[in-house]
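Listed here are the chains, written in short residue letters.
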Amino acid sequence: MNLILLTKSNTFLIGWVASLFGYVMEFIYNVTYSVFGIENIGLAIIVFTMLVNIAMIPLLMKQQKSMKINNIIQPEIQAIQKKYKGKDDQRSQIRMQAETQAVYDKYGTSMTGGCLTSLISFPIMLGLYQIILNMPAYIGTFRNYFTNVAAKIQEQSGFVESLTELAASRGISGDLTQTNILVDLMYKFSGEDWQTLEGIFPSIQNVIAENAAKISEVLSFGPINLMESPGFRISWAILIPILAGLTQWFSTKLMTPASANRNREDDPMGSSMKMMNTIFPLMSVFFCFTFPAYIGIYWVANSAFRIPIQFFINKQVDKADTNEIIRQNIEKKNKKRAKKGLPPLSEKTVEKNIEDLERKYQMSGMSGSQTSSRRSSMRAKADAGKQVNNTEYYNSRAAKPGSMAAKANMVKEYNEKNKK
């Protein structure tokens, strides 16, 4: 019996993630079968999706904290953008970049804060998707039902010519003498296709019917055939796209900080979130109508488990002291800077960033008299200093205890203490 290797993804990183998760999926499938007597792909997908969402809680927590801080930062970033609106010269762009970076440094975060979580999540999601698309390649027990039929077909005279038309109709163009290609073909079969196969090979009709019945049982989720798309017809399967849209809309809404719902007209990021909250659920509904139902089961399960997890994370982040989050951010950032031989974040750091940027500006071929001017350099430093110390956030030394200004003052004092 040949191993089904070509159905596995060999894409860099994604293929590795899919193989690793494939072992977990196979373990879940075998446990539910041996312990509970349930051999079902839909149940395995749901349990697996639950475990993955639980494992991602630390990453989601980090992402939500980053979103909370970035939401506080946005008014200051918007003020800088308004200040340099319509100024397209290189010098203005450099100043805007330096002042923007100063704001992020002040809060111990970065322009790409939260992106790392998304980058890590992306190959995980794609790896899961590969497993769901190619279940026989990753679950040996399930694969056996296909290989039982494939082995008998390969014993039939002229089987390649007999299957050529059926394979072409299902988009399979590989070498049908290979077991893995035959399995790929049969994994795409509907109930009618299995009957067609019985008609092509009547001598092994019983073997085909017996294994096809078992495959159908494994790929059924209640009254829903997981291999068939719900389509735009009345059936139980229509619940999948409806639930996919509702659960994703709610889970996406929970991911958006409550304060981000305000001032959307002045906040491009907030507008983007609002658009995402609308478009993604609608896309889920459309795709779940057209894709096989097992893809929809995964999307519904993923969003359904994300809802209570996100609710829990939101509660924890809401209770977290913003001042403490900023302190931890600055501490982590300064540790990274120390490893690189850089000084802790401070006003002097901002000034050096200005000088470095203006040095690049001088090297860009612009007029030396414009960029080397002492007066221009001092103005640039003063602008950056304003962003670090004279914003509304830091303006009051006698701020109310517990107010946002008081918390921000604590961050500045922390920096000053570390400078000493």
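Higher on the page you've got the structure.
These numbers were taken from a predicted model, which means no experiment stands behind them. (Residues numbered from 1 in each chain as written. Predicted model: local features only at pLDDT ≥ 70, side-chain atom pairs only at ≥ 80, totals over all residues. Heavy atoms only, no water.)

Caption draft 1: Examining the packing of helix H7 (residues 140–153) against helix H11 (residues 205–218) more closely. It is the contact of H7 with H11, at a shortest axis distance of 10 Å, that shows an interaxial angle of 160 degrees. When the axis of H7 is compared with that of H11, the two are roughly antiparallel. The handedness of the crossing between H7 and H11 is left-handed. Side by side, H7 and H11 meet where Phe142, Tyr145, Phe146, Asn148, Val149 and Lys152 of the first sit next to Val207, Ile208, Asn211, Lys214, Ile215 and Val218 of the second. Here the contact of H7 with H11 is composed, by residue class, of eight nonpolar, two polar and two charged. (Axes fitted to C-alpha atoms, helices over the stretch in contact; angles between N-to-C directions. Helix = DSSP H or I, 4+ residues; strand = E, 2+ residues; numbered from the N terminus. Parallel < 35°, antiparallel > 145°, perpendicular 65-115°, else oblique. Left-handed = near helix turned anticlockwise from the far one by under 90°. Contact = heavy atoms within 4.5 Å. Nonpolar A, V, L, I, M, F, W, Y, C, P; charged D, E, K, R; others polar.)

Caption draft 2: Layout of the nonpolar core. Formed by 66 residues in total, the largest nonpolar core has its most connected members in Met135, Phe142, Ile153, Met186, Trp194 and Leu197. Setting aside anything within four residues of it in sequence, one finds isoleucine 153 in contact with Phe159, Leu163, Leu182, Met186, Leu197, Phe201 and Ile204. In this structure, Ile77, Val103, Ile325 and Ile326 belong to the second largest nonpolar core, which totals 12 residues. (Core = buried A, V, L, I, M, F, W, Y, C linked by side-chain atoms within 4.5 Å. Buried < 20%, exposed > 50% of the residue type's maximum accessible area, 1.4 Å probe, protein only.)

Caption draft 3: H11, seen in detail. Taking 1.5 Å as the rise per residue, H11 with 14 residues should run 20 Å; its terminal C-alpha atoms sit 20 Å apart, in good agreement. Taken together, the buried positions of H11 are Ile208, Asn211, Ala212, Ile215 and Val218. The buried residues of H11 all sit within an arc of 115 degrees when viewed along its axis, so they share a single face. In this structure, H11 carries Asn206 and Glu210 as exposed residues pointing more than 90 degrees from its buried face. Looking at the packing, one finds that the buried side of H11 touches helix H1 (14–36), helix H2 (41–55), H7, helix H10 (191–200) and strand E1 (220–221). (Expected span 1.5 Å × (residues − 1). Arc of directions from axis to C-beta.)

Caption draft 4: Here's a closer look at the packing of aromatic side chains. Counted under the stated rule, the structure contains 13 aromatic pairs. Where phenylalanine 146 meets tyrosine 187, the ring centres are 6.0 Å apart and the plane angle is 75 degrees; that geometry is what we call edge-to-face. In this pair, phenylalanine 146 is assigned in helix H7 and tyrosine 187 in helix H9 (residues 179–187), connecting sequence segments 41 residues apart. Overall, phenylalanine 146 belongs to the buried group, its relative accessible area being 0%. Ring geometry for phenylalanine 232 versus phenylalanine 289: centroids 4.5 Å apart, planes at 20 degrees, classification stacked. Within this pair, whereas phenylalanine 232 is found in the loop between strand E2 (224–225) and helix H12 (239–255), its partner phenylalanine 289 is found in helix H13 (residues 268–290), the two being separated by 57 residues in sequence. Taking the relative accessible area as the measure of exposure, phenylalanine 289 reaches 13% and is therefore buried. (Phe/Tyr/Trp six-rings, centres within 6.5 Å; stacked < 30°, edge-to-face > 60°.)

Caption draft 5: A positive patch on the surface, seen in detail. Where like charges cluster on the molecular surface, the positive patch consists of Lys62, Lys332, Lys335, Lys336, Lys339 and Lys340. Here the element with the most residues in the positive patch is helix H15 (residues 322–339); it accounts for four residues. If you trace the backbone, lysine 336 turns up in helix H15. Lysine 336 gets classed as exposed once you look at its relative accessible area, which sits at 57%. (Patch = residues over 30% accessible without salt bridge, like charges linked within 9 Å, V, L, I, M, F, W, Y side chains within 5 Å. Areas by Shrake-Rupley, 256 points an atom, 1.4 Å probe, with all protein chains shown as cover. Salt bridge = Lys/Arg side-chain N within 4 Å of Asp/Glu carboxyl O. Lys, Arg positive; Asp, Glu negative; His and termini not counted. Charge placed at Lys NZ, Arg CZ, Asp CG, Glu CD.)

Caption draft 6: Focus on the environment of alanine 209. Relative to the elements of secondary structure, alanine 209 occurs in helix H11. As a C-alpha pair, alanine 209 and glutamate 198 span 11 residues in sequence and 7.4 Å in three-dimensional space.

Caption draft 7: Summary view of the pattern of salt bridges. Taken as a whole and judged by the stated rule, the model has seven salt bridges. The partner of glutamate 331 in a salt bridge is arginine 327, with the nearest N and O atoms 3.1 Å apart. One end of the pair, glutamate 331, and the other, arginine 327, are both in helix H15, four residues apart, so they sit about a helical turn from each other. Taken together, the salt bridges that share partners define one network made up of Glu39, Lys214 and Glu217.

Caption draft 8: Quick look at a nonpolar patch on the surface. A contiguous nonpolar patch, built from Met275, Met276, Ile279, Phe280 and Met283 and spanning about 430 Å² of accessible area, is present on the exposed surface. For methionine 276, the location among the structural elements is in helix H13. Exposure remark for methionine 276: the relative accessible area of 33% places this residue in the partly exposed category.

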